[in-house]
Amino acid sequence: MGLVLGVAILNAFWGTEQVGSASSQYSAQRSNSVKLIWRHRMGKHVFHTVKGARYSQHLGVRYSENSDLPDVTWVTDAHEKLYRKAKGSSAIYYHVKSADGQHGGWIWRGYLTAGTVPVQTGPDPERPRKAEIPAVSLYTAKSSVAYARAIQTEPVYRLSKAVWQLFPGTKLNLELSRMAIDFPSENGLRDKGMLDKKHIIHFDLGNDWGTFQDTRDQPLTTRLTWLKKRLAQQGLPATKRQSLQGWSIGLDFVDDFPAAATTDEDDVHNVNQKPHGDADEHPLHYAIVLISPERLHSFQAAYGDQQ
């Protein structure tokens, strides 16, 4: 009763948001694809973004692209956790409003950067440098060998290469790499008889995604020290990683491009961004999959239709 009453009260404040009406789009499919876990008030925090879009509280109505308002500073007043039924995972959205109260909506928090809109400096702030996308990347590679070569040689994959080296003797697998960010939930694995933590390991940064990405200007050694601690906390200390020689590894571990590297028209935020995917759902590109030789064939047989 308390939860229902609380949601009803919050609906009174955020259930009738009428912003960006000129470009608003309703999608019953998108609304039905998520389930509300909780929705609460929150304190005021200041953010800015040009990524993703603003939605109604259950994602049914898409108000407008955030790139339409690049100079707006957003202030939070609520947050909600939604369960994504198809993926078996959850995402947290913040409800935000512009300072003048003319714009607002729910934005996935991974798109939000803390602070007010930065003042642009430089000789030509209207012409940001172009993001450098190599000819071979996660979704253009034709084979595991090609993707492995790109990781080993392309500057944009410098972080990926360093993370792969934390797992000596593992074999890069293209199909597993493409599954890394949308890896099945434990319930999904159980349904297919694949819940086997001894032979199938999945690691991602979860809610620490933003924290890690904010360190991309720090030395790589500093970032790897932080990452190795996280790996150890998740049961992957150095001794465990060294024992995985011969295992197959799926690797999707890259930073988003800096905001200055793309334009609003590019709609490309990451070298490993899935083509023709949902542009409003951030892909969270810090994920690793490890599968033993004993389980690789059966896993690929179970999930071959998703690769």
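Coordinates for the structure precede this section.
Below or above, wherever it landed, is the structure these notes cover. Since we're looking at a predicted model, the values are computed, not measured. (Residues numbered from 1 in each chain as written. Predicted model: local features only at pLDDT ≥ 70, side-chain atom pairs only at ≥ 80, totals over all residues. Heavy atoms only, no water.)

**Regarding the packing of aromatic side chains**
Taken as a whole and judged by the stated rule, the model has 10 aromatic pairs. Ring plane angle 10 degrees and centroid distance 5.8 Å describe the contact between Phe183 and Phe299, whose orientation is recorded as stacked. Taken together, the positions of Phe183 in the loop between helix H5 (174-179) and helix H6 (186-191) and Phe299 in helix H10 (residues 293-303) put the pair 116 residues apart, joining distant regions of the chain. Like Phe183, the residue Phe299 is buried in the burial classification. Ring plane angle 35 degrees and centroid distance 4.9 Å describe the contact between Phe299 and Tyr303, whose orientation is recorded as tilted. Of this pair, Phe299 and Tyr303 both sit in helix H10, 4 residues apart, which is roughly one turn of the helix. This pair shows no difference in class: Phe299 is buried, exactly as Tyr303 is. An aromatic cluster is built from Phe212, Trp226, Phe253 and Tyr286, whose rings are joined through pairwise contacts. (Phe/Tyr/Trp six-rings, centres within 6.5 Å; stacked < 30°, edge-to-face > 60°. Helix = DSSP H or I, 4+ residues; strand = E, 2+ residues; numbered from the N terminus. Buried < 20%, exposed > 50% of the residue type's maximum accessible area, 1.4 Å probe, protein only.)

**Here's the deal with the sheet that holds strand S12 (residues 248-253)**
Spatial ordering of the open sheet is given by S10-S12-S13-S11, a layout of 4 strands whose pairing is mixed. Both outer strands of the open sheet, strand S10 (171-172) and strand S11 (200-204), are each paired with one neighbouring strand and no more. By the bridge criterion, 2 bridges tie S10 to S12 in an arrangement that is parallel. Within S12, the position partnered with Leu172 by the bridge is Ile249. Running at roughly 110 degrees to strand S13 (residues 286-291), H10 makes contact with S11, S12 and S13 of the sheet. (Pairing = 2+ DSSP bridges. Contact = heavy atoms within 4.5 Å. Axes fitted to C-alpha atoms, helices over the stretch in contact; angles between N-to-C directions.)

**Some thoughts on helix H8 (residues 220-233)**
In this model H8 runs 20 Å from its N-terminal to its C-terminal C-alpha over 14 residues, within 8% of the 20 Å that 1.5 Å per residue would give. Burial in H8 covers these residues: Leu220, Arg223, Leu224, Leu227, Arg230 and Leu231. The buried side chains of H8 occupy one side of the element, clustering within an arc of 120 degrees when seen end-on. Across H8 from its buried face, at more than 90 degrees, point the exposed residues Thr221, Lys229 and Gln233. Backbone geometry just after H8 places Gly235 at a positive phi near 85 degrees. (Expected span 1.5 Å × (residues − 1). Arc of directions from axis to C-beta.)

**Thoughts on the side chain of Glu80**
Considering the arrangement of structural elements, one finds Glu80 in strand S6 (residues 74-84). Classification of Glu80 by relative accessible area gives buried; the value is 0%. Within the local environment of Glu80, its side chain forms a polar contact with the side chain of Arg39, the two groups lying 2.7 Å apart. Dropping the residues within four chain positions of it, Glu80 is found in contact with Leu36, Trp38, Arg39, Gln57, His58, Ala91, Ile92, Tyr93 and Trp106. (Polar contact = N/O pair within 3.5 Å; in protein donor to acceptor, adjacent residues only side chain to side chain.)

**Re the nonpolar core**
The biggest cluster of nonpolar side chains holds 37 residues, and the ones touching the most others in it are Val163, Phe167, Leu227, Leu251, Phe253 and Ile288. Of all the secondary-structure elements, those providing two or more residues to this core are helix H3 (144-153), helix H4 (158-164), S11, helix H7 (209-213), H8, S12 and S13. Within the second largest apolar cluster, 21 residues are counted, among which are Tyr55, Ile92, Trp106 and Trp108. (Core = buried A, V, L, I, M, F, W, Y, C linked by side-chain atoms within 4.5 Å.)

**What to know about the pattern of salt bridges**
In total, this model carries 7 salt bridges according to the counting rule given. As a salt-bridge pair, Lys197 and Glu186 come within 3.1 Å of each other at their nearest N and O atoms. Placement of Lys197 in the loop between H6 and S11 and of Glu186 in helix H6 is noted, with a sequence separation of 11 residues between them. Classification of Lys197 as exposed rests on a relative accessible area of 59%. Judged by relative accessible area, Glu186 falls into the partly exposed class, the value being 42%. Between Arg223 and Asp255 there is a salt bridge, with the nearest N and O atoms lying 2.9 Å from each other. Of the two residues, Arg223 is situated in helix H8 and Asp255 in the loop between S12 and S13; the sequence distance between them amounts to 32 residues. Relative accessible area serves as the criterion here: at 18%, Asp255 is assigned to the buried category. (Salt bridge = Lys/Arg side-chain N within 4 Å of Asp/Glu carboxyl O.)

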